Amino acid sequence: MSTPPATIDQPVKTLQNDLLLRALRKETVERPPVWMMRQAGRYLPDYLKLKAQYDFFTRVQTPELACAITLQPIDQVGVDAAIIFSDILVIPQAMGLEVLMEEGKGPSLPKVISCKQDIDDLVTDGAEQSLKYVYDALTLTKKELNGRVPLIGFAGAPWTILCYMIEGKGSKTWEKAKQFAYTQPLLAHQLLQKITDITISYLKLQAKAGADTVQVFDSWAGALSPADFKTYAQPYLLQIADALQGEVPVILFPKGSWYALKDLSNSSAAGLGIDWGIAPEFARELTGNRIVLQGNFDPAKLLAPIPDIKKAVKEMIDAFGVQNYIANLGHGITPNIPVDHARAFVDAVKEYRKS
Ligand code: CP3
């Protein structure tokens, strides 16, 4: 008999490993769950094989390929959650902007947003409908996971998406994006709101397609001062967290914006991702155990000798505590990390014992 397609109404199978979801609900766990940002792709040899065969957006837009890539770190590294293989830049694409991914160069957008007309021209009504391949990939992956671990969906935060829409490529300073915000704040807010509305619909559809939780990547939040973060990033992150309440738990990852942790801990988000620029104890002090913290191992430290990785992981968990905590990196894993070092990170979390 063939298996019926997985839908949210017919759960594939109850989760065998629901550590991540229990941690996000602040339930008592026997050890912290562990996953790694950007775990799907980049450093795994089997990913590199698929990368040699198919271009980036073919990998993203073909549910079978996206599913296969998503499963690789579950099988090969043993993480406690899968994150769907996709990209944050599918939102600008869905809104009508071309996005190119060139090897060694990163993403680029040939046509950027520079005036009101450009914002008016963006596709808004039903833009999220064109991302059916993401929902199909989630549903297929959920089925293939067969309850092994939870599945994480994701999107870029409005500020980070605005950065790419204005600059057209990565930047160290995001000066053009900031110039746009600081000289045309009304237009910036109009754009941020449009991105927010679509992102909310997009994440709701991801939940419906099988995502058990969603993470919002505000990768370039830390380029903003505390006051500008409050103006251009925080309100939109809060709107997203509020809108997803009652659907799936939301993890916000405002990279570099440690100064916002107190405010964000009073939001409807379930978890907050932090990078290695803040000590776990201070992050706890700012958030007062009101929210689950996720992070914050320096990905470059995965290049250290394995015994040193294991020691540092233990110290990290000692500092955060086992409860209300998700072990993770402080940013994405990089392509130069040996697989056995990534595995050592994961194993160290699984082997954690308080001494
Ligand atoms: O976490 C996962 O493994 C799921 C897949 C995922 C990708 N991108 C695949 C990808 C996720 C969660 C992202 C998010 C993403 N994309 C972010 C936020 C996270 C972060 O690291 O800050 C950002 C800023 C982007 C934009 C982007 N996409 C950049 C800057 C690049 C170029 C270089 C790189 O690897 O980051 C990409 C391309 C991209 N997205 C790759 C992968 C695996 C590498 C290209 C390739 O393998 O062909």
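Residues numbered from 1 in each chain as written. Predicted model: local features only at pLDDT ≥ 70, side-chain atom pairs only at ≥ 80, totals over all residues. Heavy atoms only, no water.

A. Broad picture of the side chain of Gln234. When you line up the elements, Gln234 lands in helix 12 (residues 234-244). Taking relative accessible area as the criterion, Gln234 reaches 9% and is therefore assigned buried. Excluding residues that lie within four positions of it along the chain, Gln234 makes contacts with Phe229, Ala260, Asp263 and Leu264. (Helix = DSSP H or I, 4+ residues; strand = E, 2+ residues; numbered from the N terminus. Buried < 20%, exposed > 50% of the residue type's maximum accessible area, 1.4 Å probe, protein only. Contact = heavy atoms within 4.5 Å.)

B. Just the pattern of salt bridges, in detail. Counted under the stated rule, the structure contains 16 salt bridges. Between Arg31 and Asp80 there is a salt bridge, with the nearest N and O atoms lying 2.8 Å from each other. With a gap of 49 residues between them, Arg31 in the loop between helix 1 (19-24) and helix 2 (45-53) and Asp80 in the loop between helix 4 (63-76) and strand 1 (82-83) connect regions that are remote in the sequence. Asp80 shares its class with Arg31; the two are buried. A salt bridge links Lys105 to Glu102, with the nearest nitrogen and oxygen atoms 3.7 Å apart. (Salt bridge = Lys/Arg side-chain N within 4 Å of Asp/Glu carboxyl O.)

C. Structural context of the packing of aromatic side chains. Using the criterion set out here, one finds 15 aromatic pairs in the structure. Ring centres of Tyr182 and Tyr232 lie 6.0 Å apart, and the angle between their planes is 50°; on these two criteria the pair is classed as tilted. One end of the pair, Tyr182, is in helix 9 (residues 175-183); the other, Tyr232, is in helix 11 (residues 226-232), with 50 residues separating them in the sequence. Residue Tyr182 is classed as partly exposed on the basis of its relative accessible area of 38%. With a centroid separation of 4.3 Å and an interplanar angle of 10°, the aromatic rings of Phe320 and Tyr325 are classed as stacked. You can call Tyr325 buried: its relative accessible area is 0%. The rings of Tyr47, Phe56, Phe57 and Phe85 are connected pair by pair, giving a single aromatic cluster. (Phe/Tyr/Trp six-rings, centres within 6.5 Å; stacked < 30°, edge-to-face > 60°.)

D. Spotlight on the site of the ligand. By nearness alone, 22 residues border the ligand, and Arg38, Arg42, Tyr47, Ser219 and His331 come closest of all. Here an oxygen atom of the ligand and a side-chain polar atom of Arg38 are 2.7 Å apart. A distance of 2.6 Å is found between an oxygen atom of the ligand and a side-chain nitrogen or oxygen belonging to His331. Summarising the interface, the protein chains cover 89% of the accessible area of the ligand, which totals 840 Å² for the free molecule. Elements with a minimum of two residues in the shell around the ligand: helix 2, helix 3 (56-61) and strand 3 (106-108). Taken together, the residues that form the shell around the ligand break down as twelve nonpolar, five polar and five charged. (Near = heavy atom within 4 Å. Polar contact = N/O pair within 3.5 Å; in protein donor to acceptor, adjacent residues only side chain to side chain. Areas by Shrake-Rupley, 256 points an atom, 1.4 Å probe, with all protein chains shown as cover. Nonpolar A, V, L, I, M, F, W, Y, C, P; charged D, E, K, R; others polar.)

E. Focus on helix 10 (residues 185-209). Look at helix 10: 35 Å from first C-alpha to last across 25 residues, which is about the 36 Å you get at 1.5 Å a residue. A positive backbone phi angle near 135° is found at Gly210, which sits one or two residues after helix 10. (Expected span 1.5 Å × (residues − 1).)

F. Molecular detail of helix 9. For helix 9, the full list of buried residues reads Ala177, Lys178, Phe180 and Ala181. Down the axis, helix 9 shows its buried residues gathered within 155° of arc, on one side only. What points out from helix 9, more than 90 degrees from its buried face, is the exposed set Glu175, Gln179 and Thr183. At its buried positions, helix 9 is contacted by helix 6 (116-121), helix 8 (158-167), helix 10 and helix 11. (Arc of directions from axis to C-beta.)

G. Inspection of the environment of Ala207 at higher detail. You can see Ala207 is positioned in helix 10. On the basis of relative accessible area, Ala207 is assigned to the buried category, the value being 8%. Distance in space between the C-alpha atoms of Ala207 and Trp35 is 19 Å, their sequence separation being 172 residues.

H. Broad picture of the packing of helix 4 against helix 7 (residues 132-145). Direction vectors running N to C along helix 4 and helix 7 enclose 45°, while the axes themselves pass 8 Å from each other. Overall, the two elements helix 4 and helix 7 adopt an arrangement that is oblique. Two packed elements cross with a definite hand, and for helix 4 against helix 7 that hand is right-handed. Taken together, the residues of helix 7 that come into contact with helix 4 (itself represented by Pro63, Glu64, Ala66, Cys67, Thr70, Leu71 and Ile74) are Tyr133, Asp136, Ala137, Leu140, Thr141, Glu144 and Leu145. (Axes fitted to C-alpha atoms, helices over the stretch in contact; angles between N-to-C directions. Parallel < 35°, antiparallel > 145°, perpendicular 65-115°, else oblique. Left-handed = near helix turned anticlockwise from the far one by under 90°.)

I. Here's a closer look at the pairing of strand 9 (residues 325-329). By the criterion of burial, strand 9 is predominantly enclosed, with five of the five residues buried. Burial along strand 9 is two-sided: the residues Tyr325, Ala327 and Leu329 and Ile326 and Asn328 are all buried. Direction of pairing for strand 8 (residues 292-297) relative to strand 9: parallel, over a ladder of five bridges. When the sheet's bridge partners are listed, Gln294 is paired in strand 9 with Ile326. With helix 15 (residues 306-320) bridging strand 8 and its parallel neighbour strand 9, the resulting β-α-β unit is right-handed. (Pairing = 2+ DSSP bridges. Right-handed = clockwise from strand over helix to strand, strands pointing away.)

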